[in-house]
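# Analysis of the macromolecular model
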Amino acid sequence: MFDLDTFITDCIAATTDTQPRLAVKEVLARAVAEPDAVTRALPATRAEIDRIHASPTLTILKVVWAPRMRIFPHDHRMWAAIGIYGGQEDNTFFRRAPEGVVASGGTQLHERDVALLGDDTIHAVVNPRPRFTGAIHVYGGDFFTQPRSEFDPDTLAEQPYNGERALALFKSANAAPHG
Ligand SMILES: [Fe+2]
């Protein structure tokens with residue numbers, strides 16, 4: 001049965017594994033294999049980025065996407081593991097090219113799915129469904145202080161990541177009616 005404190009302890013232990021990102025992915029896969037138990041611990045009822053654990057080497061977030069919510073392309077400059085415990089999160093990937101970044105495929109993540117993202121991944125995320133999506137995101141570093149980039153959704157022009165802008169998106173998603 002999913003227990004949040006045990007999950008955090010297991011993630012921290014996984015970072016000392018010889019292959020930390022794979023070890024974290026396994027911990028996360030075990031957790032989201034019980035989506036109802038995770039939902040009881042981390043209810044997905046409003047858009048939010050909730051800090052479950054933060055250290056210089058590991059960040060664990062509860063991320064809830066509002067219905068139809070989307071976020072502009074951005075990078076993390078550290079590896080990430082994303083596990084879905086309710087709803088759906090669609091990722092569009094981008095790669096760097098001589099003239100900026102270009103779209104480069106994507107993936108749909110459903111309940112119980114876990115995806116690993118590399119250090120240089122650039123992605124945009126959308127919740128395509130008319131319901132909240134609950135996810136646990138684990139990052140191999142300090143998600144909140146790492147200097148990184150975001151990209152204009154239309155022009156893909158690069159600029160420094162603005163955490164306040166991202167948080168404002170979640171705030172306005174809660175203010176908007178969900179249909
Ligand atoms: Fe991201």
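Residues numbered from 1 in each chain as written. Predicted model: local features only at pLDDT ≥ 70, side-chain atom pairs only at ≥ 80, totals over all residues. Heavy atoms only, no water.

What follows deals with empty space enclosed by the protein. Per the stated rule, a full pass over the model turns up 1 cavity of 30 Å³ or more. Residue lining of the largest cavity: 16 residues in total, with W65, H74, H137, Y139 and F143 positioned closest to the centre. The set of elements that each furnish at least two residues to the lining of the largest cavity consists of β2 (59-65), β3 (70-75), β8 (122-126), β9 (133-139) and α4 (163-175). Among the elements that make up the lining of the largest cavity, the one with the highest residue count is β2 (3 residues). Across the lining of the largest cavity, the residue classes break down as 12 nonpolar, 4 polar and no charged. (1 Å grid on protein atoms, 1.4 Å probe; cavity = no way out; pocket = protein on both sides within 12 Å on 5 of 7 lines; lining within 4 Å. Points joined across faces, edges and corners; volume = space filled by probe spheres on them. Helix = DSSP H or I, 4+ residues; strand = E, 2+ residues; numbered from the N terminus. Nonpolar A, V, L, I, M, F, W, Y, C, P; charged D, E, K, R; others polar.)

For the rest of this paragraph, the subject is the coordination of the iron ion. Protein coordination of the iron ion is provided by H74 (NE2), H76 (NE2) and H123 (NE2), with donor distances spanning 2.1 Å. Positions of the donor residues of the iron ion along the chain correspond to the pattern H-x1-H-x46-H. Note that H76 is positioned in the loop between β3 and β4 (80-86) and H123 in strand β8, a separation of 47 residues in sequence. A single burial state applies to H76 and to H123, both of which are buried. (Donors = N, O, S within 2.8 Å, 3.2 Å for Na, K, Ca; no water. Buried < 20%, exposed > 50% of the residue type's maximum accessible area, 1.4 Å probe, protein only.)

The next subject is helix α1 (residues 4-14). Here α1 has its buried residues at F7, I8, C11 and A14. An end-on view of α1 places all buried positions within 125° of arc, on one side of the element. On its buried face, α1 is in contact with α2 (20-32), β1 (48-54), β2 and β9. Two or three places before D5, at the start of α1, stands the capping residue D3, its side-chain oxygen 3.4 Å from that residue's backbone nitrogen. (Arc of directions from axis to C-beta. Contact = heavy atoms within 4.5 Å. Polar contact = N/O pair within 3.5 Å; in protein donor to acceptor, adjacent residues only side chain to side chain.)

So, about the packing of aromatic side chains. Going through the model one piece at a time under the given rule, you end up with 5 aromatic pairs. On the numbers, 5.3 Å between centres and 35° between planes, the contact of W65 with F170 is tilted. Taken together, the positions of W65 in strand β2 and F170 in helix α4 put the pair 105 residues apart, joining distant regions of the chain. With a relative accessible area of 4%, W65 lands in the buried category. Taking the relative accessible area as the measure of exposure, F170 reaches 4% and is therefore buried. On the basis of an interplanar angle of 85° and a centroid distance of 5.2 Å, the ring pair of F143 and F144 is categorised as edge-to-face. Exposure remark for F144: the relative accessible area of 33% places this residue in the partly exposed category. An aromatic cluster is built from Y139, F143 and F144, whose rings are joined through pairwise contacts. (Phe/Tyr/Trp six-rings, centres within 6.5 Å; stacked < 30°, edge-to-face > 60°.)

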